[in-house]
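Chain and residue survey
So the chains spell out like this:
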Amino acid sequence: LGHLRSRWNSMKTSQTGSEITLVESVALALSRAMAEDERVLILGEDVGADGGVFRATQGLMARFGRERVRDTPLAEVAIAGISIGLAAQGLRPVAEIQFDGFIYPTIDQMANHAARLRTRTRGRLTCPMVLRAPYGGGIHAPEHHSDSVESFFAHIPGLRVVIPSSPRRAYGLLLSAIRDPDPVVFLEPKRLYRAAKEPVDDDGAGLPLDTCFTLREGRDITLVSWGAMTREALAAAEALDADGVSAAVIDVATLKPLDAAPILRSVENTGRCVIVHEAPLTGGFGGEIAARIAEHALLSLLAPIRRVTGFDCVMPLPRLEAHYMPTTDRILSAARDAMSYR
């Protein structure tokens, strides 16, 4: 009865249309999920009393107690491994990795166990866990704090890889990730955590996973991106308006499994494509998207596919970070080059 009363009170006091940041929308989604389902719990380094480095879990320990919001040792492989065990026993853990550069040890557990549990047990067990991490550059952080790790996880069969690009999408996609019966790697662009606000209804409505979002329709060129780089892609599309060029912008959102159909439809319509991501060029997920386009929409192309990405080097320290990050000007240059083909 107490649980039902608490859930009812949380629903009565839910925010409706409040303008919040992306990190606040993550906290809102976590709070909603925990209120609705007592199987949801949070674990990670400093997620409890401190509310996480970026305060994405602030206040959750006070509200839901230490049994459901657990501070862990500095041991990422243990955080992932414990989460897999909890998920296999019917709970829904949401594990936070404090920074993207610390996530590499978890690949052992995620590849060898989380991603294989359903297959290994012939469906008897599943692994409904979420591995959250702030990722990407743009905040002048030190080494190991600005990596783009999406391709590592996208290459592992059995894992979903989701990257939100706005507060509203962060809220809806995180709720859907928590409710999903299989493991989800949920990467949150830290550059967007407090970059902007938008109205977010705390209504518990999830957004569909495995779906690209068309942010802008266009007839001349298609810009494809995800995470923080959608801001530069949208800015480039607006700048192209002055050239008389109509640019579509697609937010991939779920990299794995990839919803290629909207991308292909747009490229078949425009004949040109620029793919933008912050990760290094070689082995970046943009290469997979380019291959899908070449395989399924080659005869629609009017110009070579262009990629605007980070460089094949370690993310530099703050003084050179801006040189590394793809910019609106670089996207514009690639788009104008593509438009030069007639």
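In this text the structure is predicted, and so the values were computed from the model without any measurement. (Residues numbered from 1 in each chain as written. Predicted model: local features only at pLDDT ≥ 70, side-chain atom pairs only at ≥ 80, totals over all residues. Heavy atoms only, no water.)

Looking at the nonpolar core
The biggest cluster of nonpolar side chains holds 49 residues, and the ones touching the most others in it are Phe153, Ile263 and Ile289. Tallying contributions element by element places helix α4 (residues 76-88) first for this core, with five residues. Excluding its chain neighbours within four sequence positions, the residues that come into contact with Ile289 are Val224, Trp226, Val252, Leu258, Ile263 and Ile275. In terms of nonpolar packing, the next biggest core, distinct from the first, is built from 39 residues, Val23, Leu28, Ala33 and Val130 among them. (Core = buried A, V, L, I, M, F, W, Y, C linked by side-chain atoms within 4.5 Å. Buried < 20%, exposed > 50% of the residue type's maximum accessible area, 1.4 Å probe, protein only. Helix = DSSP H or I, 4+ residues; strand = E, 2+ residues; numbered from the N terminus. Contact = heavy atoms within 4.5 Å.)

A short note on the confidence of the model for the protein
Across the protein, pLDDT averages 95, with 95% of residues at or above 70. Below a pLDDT of 50 lies the segment residues 1-15, which in the model reaches 14 contacts outside its immediate sequence neighbourhood of four places, other chains included. (pLDDT = per-residue confidence, 0-100.)

Considering the layout of surface pockets
Here the largest pocket defines a volume of roughly 270 Å³. In terms of lining, the largest pocket is formed by 15 residues, of which the most central are Ser165, Ser166, Pro167, Arg169 and Arg231. The set of elements that each furnish at least two residues to the lining of the largest pocket consists of α8 (167-179) and α9 (229-241). The class makeup of the residues in the lining of the largest pocket is seven nonpolar, three polar and five charged. (1 Å grid on protein atoms, 1.4 Å probe; cavity = no way out; pocket = protein on both sides within 12 Å on 5 of 7 lines; lining within 4 Å. Points joined across faces, edges and corners; volume = space filled by probe spheres on them. Nonpolar A, V, L, I, M, F, W, Y, C, P; charged D, E, K, R; others polar.)

Topic: the packing of aromatic side chains
The final tally for this structure, using the stated rule, is six aromatic pairs. A centroid spacing of 5.0 Å and a plane angle of 50° characterise the contact between Phe54 and Tyr193, whose relative ring orientation is tilted. A residue pair is termed long-range when its members are at least 10 positions apart, and Phe54 in the loop between β2 (40-44) and α3 (60-64) and Tyr193 in the loop between β7 (184-189) and β8 (198-200) qualify at 139 residues. With respect to burial, Phe54 and Tyr193 carry one shared label: buried. Considering the side-chain rings of Phe311 and Tyr324, the 6.1 Å spacing of their centres and the 80° angle between planes classify their relative orientation as edge-to-face. With a gap of 13 residues between them, Phe311 in the loop between β14 (306-310) and α12 (318-324) and Tyr324 in helix α12 connect regions that are remote in the sequence. Chaining the aromatic ring pairs together yields one cluster made of Phe54, Phe99, Phe102 and Tyr193. (Phe/Tyr/Trp six-rings, centres within 6.5 Å; stacked < 30°, edge-to-face > 60°.)

Quick look at unusual backbone geometry
Trans is the prevailing form of peptide bonds, just as negative phi is the prevailing case for residues other than glycine. For the peptide bond that leads from Lys256 to Pro257, omega is -5°, which places it in the cis range. Examined against the element boundaries, Pro257 turns out to sit in the loop between β12 (254-256) and α10 (260-270). Backbone geometry places Asp46, a non-glycine residue, at a positive phi of 65°. Locating Asp46 in the fold gives a position in the loop between β2 and α3. With a phi close to 65°, Arg55 is a non-glycine residue in the positive phi region. Mapped onto the elements of the fold, Arg55 is located in the loop between β2 and α3. The exposure class assigned to Arg55 is partly exposed, which follows from its relative accessible area of 37%.

Observations concerning the pattern of salt bridges
Evaluated as defined, the whole model comprises 19 salt bridges. As a salt-bridge pair, Arg169 and Asp251 come within 3.2 Å of each other at their nearest N and O atoms. Linking Arg169 in helix α8 with Asp251 in strand β11 (residues 247-251), this pair joins segments that are 82 residues apart in sequence. According to the relative accessible area criterion, Arg169 is buried, its value standing at 18%. (Salt bridge = Lys/Arg side-chain N within 4 Å of Asp/Glu carboxyl O.)

Section: empty space enclosed by the protein
Here the idea is plain: a probe the size of a water molecule rolls over the atoms and shows the empty space left. Following the criterion strictly, the structure yields two cavities of 30 Å³ or more and no others. Lining the largest cavity are Gly52, Val53, Phe54, Arg55, Ala56, Glu96, Gln98, Arg132, Pro134 and Tyr193. A class-by-class count of the residues in the lining of the largest cavity yields five nonpolar, two polar and three charged. Among the residues making up the lining of the second largest cavity, the classes are represented as four nonpolar, one polar and two charged.

Describing α9
In this model α9 runs 19 Å from its N-terminal to its C-terminal C-alpha over 13 residues, within 8% of the 18 Å that 1.5 Å per residue would give. All of the buried residues along α9 are Met229, Thr230, Glu232, Ala233, Ala236, Ala237 and Leu240. End-on view of α9: buried residues confined to an arc of 160°, all on one side of the axis. Residues of α9 that are buried sit in contact with β9 (213-216), β10 (221-225), β11, β13 (273-280) and α13 (328-339). (Expected span 1.5 Å × (residues − 1). Arc of directions from axis to C-beta.)

Some remarks on the sheet that holds β12
Strand order in the open sheet formed by seven strands is β3-β2-β4-β5-β7-β6-β12, with mixed pairing between adjacent strands. Here the strands that pair on one side only, and so sit at the sheet edges, are β3 (69-71) and β12. Adjacent strand axes in the sheet meet at a mean angle of 20° when their direction is disregarded. Pairing between strand β6 (residues 160-162) and β12: two bridges, direction antiparallel. Within the sheet, the bridge partner assigned to Val161 lies in β12 and is Lys256. Against the sheet, helix α2 (residues 22-36) engages β2, β3, β4 (92-96), β5 (130-135) and β7, with an angle of about 135° to β2. (Pairing = 2+ DSSP bridges. Axes fitted to C-alpha atoms, helices over the stretch in contact; angles between N-to-C directions.)

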